[in-house]
Amino acid sequence: ETGVTQTPRHLVMGMTNKKSLKCEQHLGHNAMYWYKQSAKKPLELMFVYSLEERVENNSVPSRFSPECPNSSHLFLHLHTLQPEDSALYLCASSQAYSRDRDHASYEQYFGPGTRLTVT
Amino acid sequence: AQKITQTQPGMFVQEKEAVTLDCTYDTSDQSYGLFWYKQPSSGEMIFLIYQGSYDEQNATEGRYSLNFQKARKSANLVISASQLGDSAMYFCAMRELLYNFNKFYFGSGTKLNVKP
């Protein structure tokens, strides 16, 4: 496998279910991100892990719980979701910032996304 | 204030012609990076091109070039010789390298349709 992979690609869940989204990167990166993309809204950053430490949490409701067991894997645990949580959830990875690489691009590479529908 | 503004919700271009997608940004940082991503209907965001704030030359990657005008805070994407496969959403993004490094700011996107 190469790049960033996400499973499952599609998920339908009821409001009382518990499920998890999985992301794996094979790029040797050490920062990983969760984004939410709803129809007709800009991409929303949810969580950032850098060097396996959560460094950003963008006021995301507690029904979303991230987990980063190592620099290659990222999970998003879901429970008691609402219909408005239906969206495309994108995972991304990049190099974490380093002073030695001040002018590096640090571009993010994205996975194919999980299309989540909450019924 | 919005960090990234893309004022063209939708654009049409004839196959084989060039097209420019607009992007303006807002930052007080001296060091930042600008990115363009393509998102086909399949959903995956594909990195296209990068421009650093200290780069004096405009970035180019194959048929993609970035028209970087620092004083005007604009970073327009130019696609030359459009192909049918270029039909997609295009997002401009920025990362501030000194503060808020962990945040990527994305614009609302431009939907490009390439006509045969």
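This is a predicted model, so every value here is computed, not measured.

Describing the overall build of chain B
Here's step 1: Scanning chain B from N- to C-terminus turns up 0 helices and 12 strands.
Here's step 2: Helices (α) and strands (β) of chain B occur, in sequence order from the N terminus, as β-β-β-β-β-β-β-β-β-β-β-β.
Here's step 3: Against the globule reference of 13 Å for 116 residues, chain B gives a C-alpha radius of gyration of 14 Å, in line with a compact fold.
Here's step 4: Oriented by its inertia axes, the alpha-carbon framework of chain B measures out at about 45 × 30 × 20 Å.
Here's step 5: Among the 116 residues that make up chain B, the fraction classed as buried is 50%.
Here's step 6: The long-range share in chain B, meaning contacts at least 24 apart out of those at least 6 apart in sequence, stands at 56%.
Here's step 7: Carbon and sulfur atoms make up 47% of the accessible area of chain B, which totals about 5500 Å².
Here's step 8: Across chain B, the centroid of the 11 positively charged side chains sits 4 Å from that of the 11 negatively charged ones.

Looking at the side chain of Gln37 of chain A
Here's step 1: Looking at where Gln37 of chain A falls in the secondary structure, it is placed in strand S4 (residues 31–37).
Here's step 2: Take Gln37 of chain A: its relative accessible area is 11%, and that puts it in the buried class.
Here's step 3: Polar side-chain contacts of Gln37 of chain A include one of 2.7 Å to the side chain of Gln39 of chain B.
Here's step 4: When near neighbours in sequence (up to four residues on either side) are disregarded, Gln37 of chain A contacts Leu43, Ala87, Leu88 and Leu90 of chain A together with Gln39 and Phe91 of chain B.

Looking at the interface of chain A and chain B
Here's step 1: Facing the 28 residues of chain A at the interface are 20 residues of chain B.
Here's step 2: Summed over both sides, the interface of chain A with chain B buries roughly 1900 Å², with 59% coming from carbon and sulfur.
Here's step 3: Counting across the chain A and chain B interface gives 0 salt bridges.
Here's step 4: Joining chain A to chain B, the criterion identifies 4 residue pairs in polar contact (both at pLDDT 80 or more).
Here's step 5: Counting only elements with at least two residues in the side of chain A that touches chain B, the list comes to S4, strand S5 (44–50), strand S6 (53–57), strand S9 (87–94) and strand S10 (109–110) of chain A.
Here's step 6: Residue classes in the side of chain A that touches chain B are distributed as 16 nonpolar, 8 polar and 4 charged.

A few points about the layout of surface pockets
Here's step 1: When its volume is computed, the largest pocket comes out at roughly 470 Å³.
Here's step 2: Of all the secondary-structure elements, those providing two or more residues to the lining of the largest pocket are S9 of chain A together with strand S10 (88–96) and strand S12 (110–115) of chain B.
Here's step 3: Each pocket or cavity is described by its volume, and for the second largest pocket that value is around 380 Å³.
Here's step 4: Pro42, Leu43, Glu44, Leu45 and Asn58 of chain A are, among the 21 residues lining the second largest pocket, the residues nearest its centre.
Here's step 5: Of all elements in the fold, only S5 of chain A together with strand S11 (104–106) of chain B reach the threshold of two or more residues within the lining of the second largest pocket.
Here's step 6: Split by residue class, the lining of the second largest pocket holds 11 nonpolar, 3 polar and 7 charged.

Focus on the packing of aromatic side chains
Here's step 1: Taken as a whole and judged by the stated rule, the model has 15 aromatic pairs over all chains.
Here's step 2: Ring geometry for Phe110 of chain A versus Tyr37 of chain B: centroids 5.4 Å apart, planes at 85 degrees, classification edge-to-face. Here the residue Phe110 of chain A occupies a position in strand S10, and Tyr37 of chain B occupies one in strand S5 (residues 32–39), the pair thus bridging two chains. Of the two residues, Phe110 of chain A and Tyr37 of chain B, neither departs from the other in class, the shared state being buried.
Here's step 3: Joined through ring pairs, the aromatic side chains of Tyr33, Tyr35, Tyr109 and Phe110 of chain A together with Phe35, Tyr37, Phe47, Tyr50, Phe104 and Phe106 of chain B make up one cluster.
Here's step 4: Residue placement shows Lys3 of chain B over the ring face of Tyr105 of chain B; its charged tip is 5.3 Å from the ring centre.

Observations concerning the environment of Thr24 of chain B
Residues and elements named next belong to chain B.
Here's step 1: Along the polypeptide, Thr24 turns up in strand S4 (residues 24–25).
Here's step 2: Judged by relative accessible area, Thr24 falls into the partly exposed class, the value being 36%.
Here's step 3: In contact with Thr24, other than residues within four places in its own chain, are Lys3, Ile4, Thr5, Lys73 and Ser74.

Rules used throughout
- Residues numbered from 1 in each chain as written.
- Chains lettered and ligands numbered in written order.
- Predicted model: local features only at pLDDT ≥ 70, side-chain atom pairs only at ≥ 80, totals over all residues.
- Heavy atoms only, no water.
- Helix = DSSP H or I, 4+ residues; strand = E, 2+ residues; numbered from the N terminus.
- Rg over C-alpha atoms; globule rule 2.2 N^0.38 Å.
- Buried < 20%, exposed > 50% of the residue type's maximum accessible area, 1.4 Å probe, protein only.
- Contact = heavy atoms within 4.5 Å.
- Areas by Shrake-Rupley, 256 points an atom, 1.4 Å probe, with all protein chains shown as cover.
- Lys, Arg positive; Asp, Glu negative; His and termini not counted.
- Charge placed at Lys NZ, Arg CZ, Asp CG, Glu CD.
- Polar contact = N/O pair within 3.5 Å; in protein donor to acceptor, adjacent residues only side chain to side chain.
- Buried area = accessible area lost by both parts, 1.4 Å probe.
- Salt bridge = Lys/Arg side-chain N within 4 Å of Asp/Glu carboxyl O.
- Nonpolar A, V, L, I, M, F, W, Y, C, P; charged D, E, K, R; others polar.
- 1 Å grid on protein atoms, 1.4 Å probe; cavity = no way out; pocket = protein on both sides within 12 Å on 5 of 7 lines; lining within 4 Å.
- Points joined across faces, edges and corners; volume = space filled by probe spheres on them.
- Phe/Tyr/Trp six-rings, centres within 6.5 Å; stacked < 30°, edge-to-face > 60°.
- Lys NZ or Arg CZ within 6 Å of the ring centre and 35° of its normal.

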